[in-house]
Amino acid sequence: MEFLPQQRPMYARFDLLDLRWPTPVGMLIGALWLASMSGCGFPHDPEQTLQRVQGHTLRVGVVQHPPWAYRDGQGKWHGAEVDLVERLAEQLPAQVHWITGSESELIEALRRFELDLVIGGLTDDAVWSSEVGITASYYSSRISLGVRPGKSPPEELEGANVAAVPGSLAAALAKGEGAKVEYTDDLVGMPIPIAAESWQLAALEWAEVGEPWKTLHHVWAVPPGENAWLLYLDRYLPAAAADFSRRLAEEERQRLQEGQGTEPSGALP
Amino acid sequence: MKPTADFELPPERAKDLRQAKQLSWATLAYLATVIPLMGWVMGSSQAMRTAWIEDLLSLVPPIGFLVAARIRFRPHSEHYPYGFHRATNIAFLLAALALLVMGGYLLGDAVGKLIIAEHPTIGSVTLLGHTFWQGWLMLPVLVYATIPAFILGRLKLPVANQLHDKPLYADAAMNKADWMTGVAAAVGVLGIGYGWWWADAVAAGVIALSVFNDGVQNLRAVIGDLMDRAPQSVDHSKYLDLPERLKMALQELPWVQHADVRLREHGHVLYGEAFLVMRDGGRVGGRVGGRDGVDVTERAEQALATAYDLDWRLHELVVQFLPEAETDRASEGDG
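Residues numbered from 1 in each chain as written. Chains lettered and ligands numbered in written order. Predicted model: local features only at pLDDT ≥ 70, side-chain atom pairs only at ≥ 80, totals over all residues. Heavy atoms only, no water.

Brief notes about the overall build of chain A
When helices and strands are tallied, chain A shows eight helices and twelve strands. Per-residue burial over chain A gives 47% buried out of 269 residues. Within chain A, contacts between residues separated by at least 24 positions form 72% of all contacts whose residues are at least 6 apart in sequence. Total accessible area on chain A stands at roughly 13,100 Å², and carbon and sulfur atoms take up 51% of it. (Helix = DSSP H or I, 4+ residues; strand = E, 2+ residues; numbered from the N terminus. Buried < 20%, exposed > 50% of the residue type's maximum accessible area, 1.4 Å probe, protein only. Contact = heavy atoms within 4.5 Å. Areas by Shrake-Rupley, 256 points an atom, 1.4 Å probe, with all protein chains shown as cover.)

Here it is in structure tokens:
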């Protein structure tokens, strides 16, 4: 073409536009090779959480939430999730330092690297889920309608009488489905169907009927950016929590028998 | 108003146009696979997210080209006497604006993340029974998002050159430079793997800066195009010497004492005016075919034929015959 003497083209941002294809391919392959060389031990924690807890102390923030995690009169921790943490501590190995508080306090401390882990029935749809690290879900519970064994479910949910604990998500969802909700703190021995979570129904040995209204995915929270620690937990949890729903239902049944009722968390007194 | 004649591409350029259309469709098909894939693996990595948005933005130029290709060859009408050739420039303007705005926003985002010292969490993914770090998934996806774009860019460049299509050229250049985005994002992800939380935000900032720069450069280029700037090469790096050559070609005509030329670009078509001073005193108004009149129409046709032979892009030249008096001023000024 008819150009005036050669000048630098406008789009040569870093003057590399006219490279032949081997160069970018080579650079990418080089980067990948470098990555694979340091692959052992990848990823690393910016705050060395995993290194720090192994052989030392594990600071766990616990949101009190029976039967996931709760303290008895003597100050000892119980719960299906507490179980999981204690077994993790055996594996690391580490000594657990339990810290209790409200969810917002504990998450804030976690965010500032004052804690290594926060547990207590946390779910992945929490408002803070983008501020800290979240494990893959280790257990999913469903909120649905339950009937006592042998009884048949109502044909229509619309207008049906359903019992639920006041202030529970199950009550709100049942109302949303059009049911007439009867509020009661004592779900045991209810003649009518109840709206509750799957582990509560399992503890009562009632049957879940119909499609779940909501599924809650339970997770653990870790400090932001601690990717090696997160990977460790993501590898630990699936195997360790394989029978979590059974353990949770058992905890609940035990609490029912012991007459525990100080923590109204939608649970049965 | 009298519309200019409809423009038709010469056969080789028509072939180039078909190839350009095919390459644009290929780009769109390729991006349709890259975008969901990147969206799936990007996680909370700021660098990956920025690269993903850059990929989304690179949908605009090919779509703009294809839509403009339908519009630009419409018959010239009374209301659009110069035709629709600037359709590509308009599409290009929109693309440049999008790049500018998104680039600026993403740059601010990246800097913000550095200031608040946000540590990006990249968790695990479980595939085929194995749980591994999600960063390992990002790297092959980056390779797929980068290498084919580079190849497409290289294929589009010569076609854009032949067609003298500036938006297409800019699109091709941006595709070719995609490999730098890939490397930056890969370095960001690997940096996080090393434990440098800031690597992600820095890589995102670098990519955002390049997107912003693309926006600025392209905006400057297309604004000039739309303002009838003197014709430039397809990569906007230099002014064409076509006006000079046209002027010289016209001055070679026996009856031309002095010629001046003015050209402007409409997409890949050129319109212009030529100001000719006739050697024999320029009896403008001489009767056509008359015994003592100069056959002005014949001379005009001669001038036009000379011009149109010079370059396929020259679509219409309006020839003006200047009275002799103006030459004194003109010949003093030029060489």
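Overview of the overall build of chain B
Scanning chain B from terminus to terminus reveals eleven helices and five strands. Its C-alpha atoms give chain B a radius of gyration of 27 Å, clearly above 20 Å, the size a compact globule of 335 residues would have. Projecting the C-alpha coordinates of chain B onto the three principal axes gives extents of approximately 95 × 40 × 30 Å. Residue burial in chain B is summarised as follows: out of 335 residues, 57% are buried. Excluding contacts between residues fewer than 6 apart, the proportion of contacts in chain B whose partners are at least 24 apart in sequence is 68%. Carbon and sulfur atoms make up 61% of the accessible area of chain B, which amounts to about 14,800 Å² in all. Mean positive and mean negative side-chain charge positions of chain B (29 and 36 charges, respectively) differ by 3 Å. (Rg over C-alpha atoms; globule rule 2.2 N^0.38 Å. Lys, Arg positive; Asp, Glu negative; His and termini not counted. Charge placed at Lys NZ, Arg CZ, Asp CG, Glu CD.)

A word on the packing of helix H9 (residues 242-251) of chain B against helix H10 (residues 296-310) of chain B
A pair of packed helices can be characterised by two numbers: the angle between their axes and the separation between those axes. Residues and elements named next belong to chain B. The interhelical angle for the contact between H9 and H10, taken along N-to-C directions, is 145°, at an axis separation of 10 Å. The way H9 lies across H10 gives a crossing that is right-handed. Residues Leu242, Arg245, Leu246, Ala249 and Leu250 of H9 form the contact with H10, whose participating residues are Ala303, Thr306, Ala307 and Leu310. (Axes fitted to C-alpha atoms, helices over the stretch in contact; angles between N-to-C directions. Left-handed = near helix turned anticlockwise from the far one by under 90°.)

Here we look at the layout of surface pockets
In this model, the largest pocket occupies a volume close to 870 Å³. Contributions of two or more residues to the lining of the largest pocket are made by strand S6 (133-134) and helix H7 (227-240) of chain A together with helix H2 (46-57) and helix H8 (198-226) of chain B. Class assignment of the residues belonging to the lining of the largest pocket gives a composition of 14 nonpolar, 14 polar and eight charged. (1 Å grid on protein atoms, 1.4 Å probe; cavity = no way out; pocket = protein on both sides within 12 Å on 5 of 7 lines; lining within 4 Å. Points joined across faces, edges and corners; volume = space filled by probe spheres on them. Nonpolar A, V, L, I, M, F, W, Y, C, P; charged D, E, K, R; others polar.)

Examining H9(B)
All names here are of chain B. Those residues of H9 that sit buried are Leu242, Leu246, Lys247, Ala249 and Leu250. Down the axis of H9, the smallest arc covering the buried residues is 165°, so these residues share one side. Residues of H9 that are buried in the fold lie against strand S3 (256-266), strand S4 (269-278), H10 and strand S5 (314-322). (Arc of directions from axis to C-beta.)

Considerations on the sheet that holds S3(B)
All names here are of chain B. In space, the three strands of this open sheet follow the order S3-S4-S5, with mixed pairing throughout. In this open sheet, the two strands that pair with only one neighbour each are S3 and S5. This sheet shows a mean twist of 20° between the axes of neighbouring strands, independent of strand direction. Of the pairings in the sheet, the one linking S3 to S4 comprises ten bridges and is antiparallel in character. Counterpart to Asp260 in the pairing with S4 is Phe275. On top of the sheet, H10 reaches S4 and S5; it is set at about 140° to S5, its chief contact. (Pairing = 2+ DSSP bridges.)

A word on the packing of aromatic side chains
All names here are of chain B. Inspection of every chain in the model, using the stated rule, returns 16 aromatic pairs over all chains. Arranged with centres 4.7 Å apart and planes meeting at 35°, the rings of Tyr80 and Phe84 form a pair that is tilted. With relative accessibility at 15%, the residue Phe84 sits in the buried group. (Phe/Tyr/Trp six-rings, centres within 6.5 Å; stacked < 30°, edge-to-face > 60°.)

Points about empty space enclosed by the protein
Residues and elements named next belong to chain B. Throughout the structure, instances matching the rule amount to five cavities of 30 Å³ or more. Its boundaries defined by the atoms lining it, the largest cavity holds a volume of some 110 Å³. Along its surface, the largest cavity is lined by Glu54, Leu57, Ser58, Pro61, Ala95, Leu99, Asp171, Met174, Asn175, Asp178 and Asp214. When residues in the lining of the largest cavity are grouped by element, the largest group, three residues, is from helix H6 (residues 166-176). Class assignment for the residues of the lining of the largest cavity results in five nonpolar, two polar and four charged.

Section: the nonpolar core
All names here are of chain B. Counting residues in each nonpolar core, the largest one holds 45 residues, and the members touching the most others are Met38, Met48 and Trp133. A per-element tally of this core places helix H5 (residues 135-163) first, with twelve residues. In contact with Met48, not counting residues within four places along its chain, are Met38, Val41, Met42, Met138, Leu142, Ala185 and Val189. (Core = buried A, V, L, I, M, F, W, Y, C linked by side-chain atoms within 4.5 Å.)

Side note on the environment of B:Leu240
For B:Leu240, the location among the structural elements is in the loop between H8 and H9. When the C-alpha positions of B:Leu240 and B:Ala230 are compared, they lie 8.0 Å apart, and in sequence the two are ten residues distant.

Quick look at the side chain of A:Glu197
Residue and element names in this part refer to chain A. Checked against the element boundaries, Glu197 lands in strand S10 (residues 194-197). Within the buried set, Glu197 has no salt-bridge partner at all; the shortest N-O distance to an opposite charge, 9.8 Å, is to Arg142. Within the structure, the side chain of Glu197 is placed 3.2 Å from the side chain of Ser141, a separation counted as a polar contact. Setting aside residues up to four positions removed in sequence, Glu197 forms contacts with Ser141, Arg142, Ile143 and Leu216. (Salt bridge = Lys/Arg side-chain N within 4 Å of Asp/Glu carboxyl O. Polar contact = N/O pair within 3.5 Å; in protein donor to acceptor, adjacent residues only side chain to side chain.)

Here's the deal with the pattern of salt bridges
This structure, assessed with the given rule, holds 26 salt bridges over all chains. The network of salt bridges with common partners includes A:Asp83, A:Asp243, A:Arg246, A:Arg247 and A:Glu250.

Details of H7(A)
Residue and element names in this part refer to chain A. The end-to-end C-alpha separation of H7 is 20 Å, in line with the 20 Å expected for 14 residues at 1.5 Å each. For H7, the buried fraction is high: eleven of the 14 residues fall into the buried class. Regarding H7, the residues found buried are Asn227, Ala228, Trp229, Leu230, Leu231, Tyr232, Leu233, Asp234, Tyr236, Leu237 and Ala240. (Expected span 1.5 Å × (residues − 1).)

Comments concerning a nonpolar patch on the surface
All names here are of chain B. Taken together, the side chains of Leu114, Tyr194, Trp196, Trp198, Val202 and Val206 define a hydrophobic patch exposed on the protein surface, amounting to about 540 Å² of accessible area. Counting residues per element, the nonpolar patch draws most heavily on H8, at three residues. Residue position: Trp196 is located in the loop between helix H7 (178-194) and H8. Residue Trp196 is classed as partly exposed on the basis of its relative accessible area, which comes to 43%. (Patch = residues over 30% accessible without salt bridge, like charges linked within 9 Å, V, L, I, M, F, W, Y side chains within 5 Å.)

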